[in-house]
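# Examining the three-dimensional arrangement
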Amino acid sequence: MTLNKHKLDGISQIAAKTLPAQEFDALLINAGYTKIGKAPAKGKRIKTWWSHSTFRRIEAIYSPDETTAITAYHVP
């Protein structure tokens, strides 16, 4: 659970280790990000990708039921 370990472009530093998915998604949407896809990830988790017109792309990992955002980081 490392949501607080990464700085995401356009969003204030997240202090919590995890967030409810609705709250995390709202942060990204309010910063201008758009969800562009999702796929299964290791440990039955869900991986999603978020795109922005000027900021770097984000990959986020959610719990298997997609109710909790576990971590997020920038990818090339």
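Residues numbered from 1 in each chain as written. Predicted model: local features only at pLDDT ≥ 70, side-chain atom pairs only at ≥ 80, totals over all residues. Heavy atoms only, no water.

## A closer look at the packing of aromatic side chains
Here the structure, examined in full by the defined rule, presents 2 aromatic pairs. Between K35 and the ring centre of Y62, over which it is positioned, the NZ or CZ distance is 5.8 Å. (Phe/Tyr/Trp six-rings, centres within 6.5 Å; stacked < 30°, edge-to-face > 60°. Lys NZ or Arg CZ within 6 Å of the ring centre and 35° of its normal.)

## Notes on the pattern of salt bridges
The final tally for this structure, using the stated rule, is 3 salt bridges. In this structure, K38 and E66 form a salt bridge, with 3.1 Å as the shortest nitrogen-oxygen distance. Remark: E66 occurs in the loop between β4 (58-62) and β5 (68-74) and K38 occurs in strand β2 (residues 34-40); sequence separation between them is 28 residues. (Salt bridge = Lys/Arg side-chain N within 4 Å of Asp/Glu carboxyl O. Helix = DSSP H or I, 4+ residues; strand = E, 2+ residues; numbered from the N terminus.)

## Focus: the environment of I70
As for its placement among the helices and strands, I70 is situated in strand β5. Between the C-alpha atoms of I70 and L3, which are 67 residues apart in sequence, the distance is 5.8 Å. When residues no more than four places from it in sequence are discounted, the contact partners of I70 are M1, T2, L3, K17, T18, R45, I61, Y62 and S63. (Contact = heavy atoms within 4.5 Å.)

## Points about the sheet that holds strand β3 (residues 46-51)
Read across the open sheet, the 5 strands follow the order β1-β5-β4-β3-β2; overall the sheet is antiparallel. A single partner strand is all that each edge strand has here, and the edge strands are β1 (19-20) and β2. Across 5 bridges, the pairing between β3 and β4 is antiparallel. Of the residues in β4, the one forming a bridge with I46 is Y62. (Pairing = 2+ DSSP bridges.)

## Remarks on the nonpolar core
The biggest cluster of nonpolar side chains holds 17 residues, and the ones touching the most others in it are F24 and Y62. When residues of this core are traced back to their parent elements, those giving at least two are α1 (21-30), β3, β4 and β5. Non-local contacts of F24, meaning those with residues more than four positions away in its chain, are made with L3, L8, I14, L19, A60, Y62, A69 and A72. (Core = buried A, V, L, I, M, F, W, Y, C linked by side-chain atoms within 4.5 Å. Buried < 20%, exposed > 50% of the residue type's maximum accessible area, 1.4 Å probe, protein only.)

## Let's talk about the environment of K7
With respect to the element layout, K7 can be found in the segment before β1. When residues no more than four places from it in sequence are discounted, the contact partners of K7 are S12, Q13 and H74.

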